[in-house]
Amino acid sequence: AVVSTQSTGEKATSAAKKLVGDSYIEQGCGSLRTADNATRHLIEQRRLPQHGWSDLNIRRVLNEIALMDSNNFDGNVGAGEREGRVYSEIVRQRNFGLAHGMGRSGDIAANQPKVLKGCWFSSDVSCN
């Protein structure tokens, strides 16, 4: 069997080009790369950008963080004391799916094994 070296994103891009056409998809991919670079810069530099992001890009990053939260994994139903259980879709959307509790053995700065946002939001990010 041949093992594909394409990432899931590359496979989706190839499939989309068959539906829409190369130029439109390349423009879209360029926009996604720009957003990815801004996110990478935020993480690497640990400071807010000089120029603010669009609401769309802010929501994108928050939604991607929520996808990495074990509370939001498909088929996962947690029952711990800090597990997020949200009945209302309006509340879930307002909080970007970030309902998992933070804190571990009383140390808010400790890495959170089940909740990525705890690691992101508790780390220092400079506004300068």
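Look above for the structure.
Residues numbered from 1 in each chain as written. Predicted model: local features only at pLDDT ≥ 70, side-chain atom pairs only at ≥ 80, totals over all residues. Heavy atoms only, no water.

**Focus: the overall build of the protein**
- Within the protein, the regular secondary structure consists of 5 helices and 0 strands.
- The helix and strand sequence of the protein, counted from the amino end, reads α-α-α-α-α.
- Within the protein, the proportion of its 128 residues that are buried is 19%.
- Taking the contacts inside the protein whose residues are at least 6 apart along the sequence as the reference set, 44% of them involve residues at least 24 apart.
- Counting only carbon and sulfur atoms, one obtains 54% of the accessible surface of the protein, whose full area is about 9600 Å². (Helix = DSSP H or I, 4+ residues; strand = E, 2+ residues; numbered from the N terminus. Buried < 20%, exposed > 50% of the residue type's maximum accessible area, 1.4 Å probe, protein only. Contact = heavy atoms within 4.5 Å. Areas by Shrake-Rupley, 256 points an atom, 1.4 Å probe, with all protein chains shown as cover.)

**Section: a nonpolar patch on the surface**
- Residues Leu19, Val20 and Tyr24 make up a contiguous nonpolar surface patch of roughly 390 Å² in combined accessible area.
- Looking at where Tyr24 falls in the secondary structure, it is placed in helix α2 (residues 22-45). (Patch = residues over 30% accessible without salt bridge, like charges linked within 9 Å, V, L, I, M, F, W, Y side chains within 5 Å. Salt bridge = Lys/Arg side-chain N within 4 Å of Asp/Glu carboxyl O.)

**A short note on the pattern of salt bridges**
- Per the counting criterion, the structure on display carries 4 salt bridges.
- The closest approach of N and O atoms between Arg60 and Glu64, which form a salt bridge, is 3.4 Å. Of this pair, Arg60 and Glu64 both sit in helix α3 (residues 55-67), 4 residues apart, which is roughly one turn of the helix.
- We classify Arg60 as partly exposed; its relative accessible area is 21%.
- Of the residues examined, Glu64 reaches a relative accessible area of 33% and is grouped as partly exposed.
- Bridged by salt links that share partners, the residues Asp36, Arg60 and Glu64 form one connected network.

**A short note on α2**
- Taking 1.5 Å of rise per residue, the 24 residues of α2 would be expected to cover 34 Å, and the 34 Å separating its terminal C-alpha atoms lies within 8% of that figure.
- Residues of α2 that are buried in the fold lie against α1 (8-19) and α3.
- Count one or two residues on from α2 and you reach Arg46, which has phi positive near 55°. (Expected span 1.5 Å × (residues − 1).)

**With respect to the packing of α2 against α3**
- Running from N to C, α2 and α3 point in directions that differ by 70°, and their axes come no closer than 11 Å. The orientation of α2 relative to α3 falls into the category roughly perpendicular. Read as a crossing pair, α2 and α3 show a hand that is right-handed. Residue-level contacts link Leu32, Ala35, Asp36 and Thr39 of α2 to Asn57, Arg60 and Val61 of α3.
- Its residues placed into classes, the contact of α2 with α3 shows 3 nonpolar, 2 polar and 2 charged. (Axes fitted to C-alpha atoms, helices over the stretch in contact; angles between N-to-C directions. Parallel < 35°, antiparallel > 145°, perpendicular 65-115°, else oblique. Left-handed = near helix turned anticlockwise from the far one by under 90°. Nonpolar A, V, L, I, M, F, W, Y, C, P; charged D, E, K, R; others polar.)

**Regarding the packing of α1 against α2**
- Interaxial distance between α1 and α2 falls to 8 Å at its minimum, and their mutual angle equals 145°. Contacts between α1 and α2 involve Thr13, Ala16 and Lys17 from the former and Asp22, Ile25, Glu26 and Cys29 from the latter.
- Per-class residue counts for the contact of α1 with α2 are 3 nonpolar, 1 polar and 3 charged.

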